[in-house]
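Read off the chains here:
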Amino acid sequence: MAANQTAFATFINVTDVVEIKEASTDETSSSGCEGDSKGPLDCKDPEVFHLMMKVAIEHFKDIHFYRFGKPAPGAEENSCDMAWRFRPKEGKTAAFYKDYRRFVINRSENCTLNVVSIGDYHSGVNARKKKNKNQKPGFEKTSGRQEQGGVSLPVVGETVNDSLPVVESENAFRSGKYLIYVGSGDRYKSMNHYLWSFLCALGEAQYLNRTLIMDLTLCLSSIYTSSNQDEEGKDFRFYFDFEHLKEAASVLDQEQFWQDWNKWHRKDGLSLKLVEDFRVTPMKLSEVKDSLIMRKFGSAEPDNYWYRVCEGETESVVQRPWHLVWKSRRLMDIMSAIASRLNWDYDSVHIVRGEKARNRDLWPNLVQDTSPDALISSLQDKIEDGRNVYIATNEPDTAIFEPLKDKYSTHFLNDYKDLWDENSEWYSETTKLNNGVPVEFDGYMRVSVDTEVFLRGKKQIETFNDLTNDCKDGVNTCNTAAS
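Just so we're clear, the structure is a prediction, and the values are computed from it rather than from any experiment.

K.L.:
Let's hear about the overall build of the protein chain: which residues, and what values?
P.N.:
Of the regular secondary structure elements, the protein chain holds 15 helices and 19 strands. Considering the protein chain as a whole, with its 483 residues, one finds that 50% of them fall into the buried category. Of the accessible surface of the protein chain, which amounts to about 24,300 Å², a share of 46% is contributed by carbon and sulfur atoms.

Structure, rendered in structure tokens:
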């Protein structure tokens, strides 16, 4: 077993299913038949359940199963829907995934059961419902854990509940302590810049044991938009897993907070401390008794960047809680759907072109090294002929990679547009989240999904180091990057 799998060793084998089947009594395994092979299929029958588990394990050879949910009736009398939790056998990322599929089952005249077909990814919609945490699953090894070393792991494919948290009562609001950051120069920067600043604020809130008041609306930088303009009105939940954040940290939406504050702060004597200098450290605020600490940032860059609060002596005291920010599970579900269509059995290549390819001064060899002929030559000793190869790239014209199809079965993000088009689950859920206004599958979302699919490849080939001798950050920066 691969070293990365040792923490997930309790996956379910076919032999486990056989053992529980043999432990069942004969009278519970009648399949509801008793001479009437034409009657409706009972999806709750243990024999049906055992058959579905066994066939799933045998059919999906590149994943490990950790939990099976109890089957639910499908759309037809001879179909059952079943959900399961799994990980790819060679998965390098600490996460679980959930799938639910529709099984069509035939019953012969002598009552023998046989699975005729298994539907596509997430086809078993009647088994999708998120179970109550206290409800026992259909089958799971008793030593199976959803947590690794006490750290919560994402489960991609579960129903998302990213509704906004609310304060239960006036008394609860009065007893709370809050931190809010107001104004900044971070707003129109890249998402990496935004996260670096946001996690500084979240880290300070945790250090001060205060609830962070969040602005869930983002401005998406022009580098990610089809209009090439900065776009306001984006929702944090389009890009990140707010359900995990609100469960793992104390956060509130600023719109709801200000409604409560305006309603109760005078009546309850709640006070506010204004801090307008980022050089006032979190350590100096640790004894503040006011209900609300407001950090207000001016208009002069870079002093109005939130992350300035976490520089200097604060850097060794306030830690950015990276484990609290996960990518949106809706986006991760698109990744999981793509990987499932490839049966989690593919290699991946990351091909960087774009602006770097146009800058011959800093990357003199990149265009030639990522040309089709050069790629075929570079990959021939790295990836076997005939393999499924997912190509993650910022090259808009993927037709230039057409010659690779002579050796590999190539796949690109745009091959899977149905996963975010107007008929998709992602489109429906984000439109609902956005008050009925359709959401564009923008550049940042594309990069997020493209990267995550790449990272699930069995072999992962990077542009820099693997395909070209050019340095990632330009000429003469290789040693600097490595140090």
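K.L.:
An account of the sheet that holds strand β18 (residues 409–411) is needed here, citing residue identities and associated values.
P.N.:
Across the sheet, four strands lie side by side as β18-β17-β16-β19; this open sheet has parallel pairing. Either end of the sheet is taken by a strand with one partner, and the two such strands are β18 and β19 (460–461). By the bridge criterion, five bridges tie strand β16 (residues 347–351) to strand β17 (residues 388–393) in an arrangement that is parallel. Following the sheet pairing, Val-349 is matched in β17 by Ile-391. Sheet contacts for helix α13 (residues 443–455): β16, β17 and β19; angle to β17, the most-contacted strand, approximately 145 degrees.

K.L.:
Before we move on, could you go through the state of the cysteines and cite the residues and values that matter?
P.N.:
What the rule picks out here adds up to three disulfides. Across a sulfur-sulfur distance of 2.0 Å, Cys-43 and Cys-80 are joined as a disulfide pair. Between Cys-43 and Cys-80, the S-S dihedral sits near -90 degrees, and the bridge is therefore left-handed. On the criterion of sequence distance, the pair formed by Cys-43 in the loop between α1 (14–23) and α2 (46–59) and Cys-80 in strand β3 (residues 79–88) is long-range, its members being 37 residues apart. Of the two residues, Cys-43 and Cys-80, neither departs from the other in class, the shared state being buried. Bridging Cys-200 to Cys-310, the disulfide has an S-S length of 2.0 Å. Here Cys-200 and Cys-310 share a disulfide; its torsion about the S-S bond, 100 degrees, makes the bridge right-handed. A residue pair is termed long-range when its members are at least 10 positions apart, and Cys-200 in helix α4 (residues 191–207) and Cys-310 in the loop between β15 (292–296) and α8 (329–341) qualify at 110 residues.

K.L.:
Go over the environment of Trp-258, please, and point to the residues and values.
P.N.:
Here Trp-258 is to be found in helix α7 (residues 254–268). In this structure, the C-alpha to C-alpha distance between Trp-258 and Ile-213, residues 45 residues apart in sequence, is 9.4 Å. Discounting chain neighbours no more than four positions away, the residues touching Trp-258 are Ile-180, Leu-292 and Met-294.

K.L.:
Summarise the side chain of Ser-291; cite the residues concerned and give the values.
P.N.:
Among the structural elements, Ser-291 can be located in the loop between β14 (272–275) and β15. If we skip the residues at most four places from it in the chain, Ser-291 touches Gly-176, Lys-177, Tyr-178, Arg-210, Trp-261, Leu-270 and Ser-271.

K.L.:
Would you mind going over the nonpolar core in detail, with residue names and values included?
P.N.:
Core analysis: the largest hydrophobic core is formed by 92 residues, its most contacted members being Phe-68, Trp-84, Ile-105, Phe-198, Leu-245 and Ile-338. Counting residues per element, this core draws most heavily on α4, at nine residues. Apart from residues lying up to four places away in sequence, Trp-84 is in contact with Ala-56, Phe-60, Ile-63, Phe-65, Arg-67, Phe-68, Tyr-97, Lys-98, Asp-99, Arg-101 and Phe-103.

K.L.:
Before we move on, can you summarise α2 with the specific residues and values?
P.N.:
The terminal C-alpha atoms of α2, which comprises 14 residues, lie 20 Å apart, in line with the 20 Å expected from a rise of 1.5 Å per residue. Most of α2 is tucked away, with 10 of its 14 residues classed as buried. Listed as buried for α2 are Glu-47, Val-48, Phe-49, His-50, Leu-51, Met-52, Met-53, Val-55, Ala-56 and Ile-57.

K.L.:
Tell me about the packing of aromatic side chains, and please be specific about residues and values.
P.N.:
Evaluation of the coordinates by the stated rule reveals 35 aromatic pairs. Between the aromatic rings of Phe-65 and Phe-68, the centroid separation amounts to 5.1 Å while the plane-to-plane angle is 15 degrees, which identifies the pairing as stacked. Taken individually, Phe-65 and Phe-68 each receive the classification buried, so the pair is uniform in this respect. When the ring of Trp-84 is compared with that of Phe-103, the centres are 6.1 Å apart and the planes differ by 80 degrees; the resulting orientation is edge-to-face. Of the two residues, Trp-84 is situated in strand β3 and Phe-103 in strand β4 (residues 96–107); the sequence distance between them amounts to 19 residues. Looking at Trp-84, the relative accessible area reads 2%, which means it is buried. Grouped by ring-pair contacts, the aromatic residues Tyr-194, Phe-198, Tyr-224, Phe-236, Phe-238, Tyr-239, Phe-240, Phe-242 and Tyr-444 constitute a single cluster.

K.L.:
Before we move on, can you summarise the pattern of salt bridges with the specific residues and values?
P.N.:
Considering all chains together, one arrives at 34 salt bridges under this definition. When the shortest N-O distance is used, the salt bridge between Asp-303 and Arg-308 registers 2.8 Å. Overlapping salt bridges bring together Asp-62, Glu-90, Asp-345, Asp-347, Arg-387 and Lys-458 as one network.

K.L.:
A description of the environment of Met-332 should follow, citing residues and the corresponding values.
P.N.:
Relative to the helices and strands, Met-332 resides in helix α8. Overall, Met-332 belongs to the buried group, its relative accessible area being 10%. Counting along the chain gives 121 residues from Met-332 to Val-453, while the straight-line C-alpha distance between them is 8.9 Å. Contact partners of Met-332, with chain neighbours within four places excluded, come to Val-156, Lys-327, Glu-452 and Arg-456.

The rules behind each value
Residues numbered from 1 in each chain as written. Predicted model: local features only at pLDDT ≥ 70, side-chain atom pairs only at ≥ 80, totals over all residues. Heavy atoms only, no water. Helix = DSSP H or I, 4+ residues; strand = E, 2+ residues; numbered from the N terminus. Buried < 20%, exposed > 50% of the residue type's maximum accessible area, 1.4 Å probe, protein only. Areas by Shrake-Rupley, 256 points an atom, 1.4 Å probe, with all protein chains shown as cover. Pairing = 2+ DSSP bridges. Contact = heavy atoms within 4.5 Å. Axes fitted to C-alpha atoms, helices over the stretch in contact; angles between N-to-C directions. Disulfide = S-S within 2.5 Å. Core = buried A, V, L, I, M, F, W, Y, C linked by side-chain atoms within 4.5 Å. Expected span 1.5 Å × (residues − 1). Phe/Tyr/Trp six-rings, centres within 6.5 Å; stacked < 30°, edge-to-face > 60°. Salt bridge = Lys/Arg side-chain N within 4 Å of Asp/Glu carboxyl O.

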